[in-house]
There are 2 protein chains.
Amino acid sequence: MTDSDTEAVQLRRRRGTYATGRATQVKIIKAAVALFGESGFNASSLRDIAKRAGVTHSTLLHHFPTKAELLRAVLESRDQGDSILLADKAREGIPFLSALVTLMEHNATQRPLIELYATLSAEATAVTHPAHDYFVDRYEMVIEQNRRAFAQIKAEGLLRGGCDVERIARNTAALQDGLQIQWLLDSRVDMAACLREFLDGVLVKPLSELERCRPDDTAYITPSHQRL
Amino acid sequence: MTDSDTEAVQLRRRRGTYATGRATQVKIIKAAVALFGESGFNASSLRDIAKRAGVTHSTLLHHFPTKAELLRAVLESRDQGDSILLADKAREGIPFLSALVTLMEHNATQRPLIELYATLSAEATAVTHPAHDYFVDRYEMVIEQNRRAFAQIKAEGLLRGGCDVERIARNTAALQDGLQIQWLLDSRVDMAACLREFLDGVLVKPLSELERCRPDDTAYITPSHQRL
């Protein structure tokens, strides 16, 4: 066996270990999403999560030494999912609103994650909760994104007169949260249609009409000729 | 001591016991509201609640033999509070919307109850949660109240054209829930102003203008001459 053979074998072995380790982490995170969502972070134990993931308690502790670290991994995995979707669809102004509606449709296929998010965000309003700062930051970020979108829509003359950008930015985020609770209680609730109803109310024309206009189409452009 | 003396003494004693018992129950319910709200129902133990209420574990069990029974008492106490306020203010149509805004202002003075409600409603989306049916029924009732109010407002010609009564009934409830989460995370959030912003968006005139019209005032009445 040459030196380079040994290196190749070691590399394969390291890669194998990494892949196995990553697969175990994913299993644990999935089990934690389900349990945190169903019972809450406070009521879930690492032992229960290990059992649900089908790994030993010590394997779980090897990957996540504390429940707070596991929580962080869970929240990061959820954020990655959202970012991929928003990055894919969202630009600014009207297309951002369309992306929000698409995200709502997507969320209706993600019950465990939505349950997790609803339960954690309520629990985490307690300042002592390990996810408190995460949720404070997350809401600031989400509302800031909305604020920027509505400010642009207003500049384009597409916001209904008298609407307050700050408040509708907040209301959009609030509505999404509240609709998710209703949908978790009754899966017949059409979250995307309800969000669209709200957005139609703050725009000069229904979102579906504004969506049909291409970026180069000037049909909905104000006299200032600002473009989407 | 005559027979009637004995009866009077016994009655006083019974009343005393009742009053003491009721005071103890109120203390326990208050402690449960705080703990369920902070940590969630699942993570709170009857021992912790007894400790917080300053009563022994066996005193608590005497009043509430199970955690589920204590939860029921907690939810009923919250409902009574809401009903008093809505019964006092709400009539139908526009005055009902005004009462919702007043309730939002009132809620901003009720942090423990709002925390409780936010945490429990999220936890209780799990079908196995003892408050699951309560929350399913509660949302149906709340949305039905909203639906009736908006249907009347529509009949009076005060609903903006194109608004869907069913969806805005849902959205109103969803918005209240979501705003409460934001307010719990940041108490500077003006929930009542945000709710008013939303309601203004679905009405033909801002709510404050419609509120100024008295029931006998026909200034905002449609040709059908229906009255508020």
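Residues numbered from 1 in each chain as written. Chains lettered and ligands numbered in written order. Predicted model: local features only at pLDDT ≥ 70, side-chain atom pairs only at ≥ 80, totals over all residues. Heavy atoms only, no water.

Remarks on the overall build of chain A
And step 1. The number of helices and strands found in chain A is 10 helices and zero strands.
And step 2. Restricting to contacts in chain A with at least 6 residues of sequence separation, those with at least 24 account for 62%. (Helix = DSSP H or I, 4+ residues; strand = E, 2+ residues; numbered from the N terminus. Contact = heavy atoms within 4.5 Å.)

Focus: helix H8 (residues 165–185) of chain A
All names here are of chain A.
And step 1. Given a rise of 1.5 Å per residue, 21 residues ought to cover 30 Å, and the 31 Å separating the end C-alpha atoms of H8 matches this to within 8%.
And step 2. Among the 21 residues in H8, 19 count as buried, and that is most of the element.
And step 3. A distance of 3.2 Å separates the backbone nitrogen of Glu 166 from a side-chain oxygen at the start of H8, and that oxygen is part of Asp 164. (Expected span 1.5 Å × (residues − 1). Buried < 20%, exposed > 50% of the residue type's maximum accessible area, 1.4 Å probe, protein only. Polar contact = N/O pair within 3.5 Å; in protein donor to acceptor, adjacent residues only side chain to side chain.)

Observations concerning the interface of chain B and chain A
In many analyses, interface size is given as the accessible surface area lost on bringing the parts together.
And step 1. Each partner contributes residues to the interface: chain B has 43 residues there, and chain A has 43 residues.
And step 2. In this assembly, chain B packs against chain A so that about 3400 Å² is buried in total across both faces, 61% of it on carbon and sulfur atoms.
And step 3. Across the contact surface, chain B and chain A share two salt bridges.
And step 4. The partner of B:Arg167 in a salt bridge is A:Glu197, with the nearest N and O atoms 3.7 Å apart. (Buried area = accessible area lost by both parts, 1.4 Å probe. Salt bridge = Lys/Arg side-chain N within 4 Å of Asp/Glu carboxyl O.)

Regarding the UniProt feature "DNA-binding region" (unreviewed entry) in chain A
And step 1. When the UniProt feature table is mapped to this numbering, "DNA-binding region" (unreviewed entry) covers residues 45–64 of chain A.
And step 2. Taken end to end, residues 45–64 of chain A is 75% helix and 0% strand, and its first and last C-alpha atoms sit 13 Å apart. (UniProt positions renumbered as here; feature names shortened; annotations may be inferred.)

A word on the side chain of B:Glu115
And step 1. As for its placement among the helices and strands, B:Glu115 is situated in helix H6 (residues 111–123).
And step 2. Leaving out residues up to four positions away in the same chain, B:Glu115 has contacts with A:Thr125, A:Ala126, B:Gly37, B:Glu38 and B:Leu184.

Points about the nonpolar core
And step 1. The biggest cluster of nonpolar side chains holds 132 residues, and the ones touching the most others in it are A:Ile49, A:Phe150, B:Ile49 and B:Phe150.
And step 2. Contact partners of A:Phe150, with chain neighbours within four places excluded, come to A:Leu97, A:Leu159, A:Val165, A:Ile168, A:Ala169, A:Thr172, A:Leu199 and A:Val202. (Core = buried A, V, L, I, M, F, W, Y, C linked by side-chain atoms within 4.5 Å.)

Digging into the relation of the copies chain B and chain A
And step 1. Rotating chain B by 180° and moving it 0.0 Å along the rotation axis overlays it on chain A with an RMSD of 0.0 Å. Taken together, the rotation and translation describe the operation of a two-fold axis. (Least-squares fit on C-alpha atoms with pLDDT ≥ 70 in both.)

Side note on empty space enclosed by the protein
And step 1. Throughout the structure, instances matching the rule amount to two cavities of 30 Å³ or more.
And step 2. Computed from the structure, the largest cavity encloses a volume of approximately 140 Å³.
And step 3. Taken together, 16 residues form the lining of the largest cavity, with A:Ala118, A:Asp177, A:Ile181, B:Asp177 and B:Ile181 sitting closest to its centre.
And step 4. Elements with a minimum of two residues in the lining of the largest cavity: helix H6 (111–123) and H8 of chain A together with H6 and helix H8 (165–185) of chain B.
And step 5. Approximately 90 Å³ is the volume attributed to the second largest cavity.
And step 6. In terms of lining residues, the second largest cavity is bounded by 14 residues, among which A:Phe198, A:Gly201, A:Val202, B:Phe198 and B:Gly201 are the most central.
And step 7. Contributing elements (two or more residues each) for the lining of the second largest cavity: H8 and helix H9 (191–202) of chain A together with helix H9 (191–202) of chain B.
And step 8. Residues of the lining of the second largest cavity, tallied by class, amount to seven nonpolar, three polar and four charged. (1 Å grid on protein atoms, 1.4 Å probe; cavity = no way out; pocket = protein on both sides within 12 Å on 5 of 7 lines; lining within 4 Å. Points joined across faces, edges and corners; volume = space filled by probe spheres on them. Nonpolar A, V, L, I, M, F, W, Y, C, P; charged D, E, K, R; others polar.)

A few points about the pattern of salt bridges
Residue and element names in this part refer to chain A.
And step 1. As enumerated under the stated definition, the model contains 18 salt bridges over all chains in all.
And step 2. Linking Glu 115 and Arg 111 is a salt bridge whose minimum nitrogen-to-oxygen distance equals 3.4 Å. In this pair, Glu 115 and Arg 111 are both assigned in helix H6, four residues apart and thus about one turn of the helix distant.
And step 3. A residue is classified by how much of its surface remains accessible, and Glu 115, at 8% relative accessible area, is buried.
And step 4. Classification of Arg 111 as partly exposed rests on a relative accessible area of 31%.
And step 5. The residue Glu 166 makes a salt bridge to Arg 147 at a minimum N-O spacing of 2.7 Å. Here the residue Glu 166 occupies a position in helix H8, and Arg 147 occupies one in helix H7 (residues 132–155), the gap between them amounting to 19 residues.
And step 6. Arg 147 sits in the partly exposed class, given a relative accessible area of 25%.

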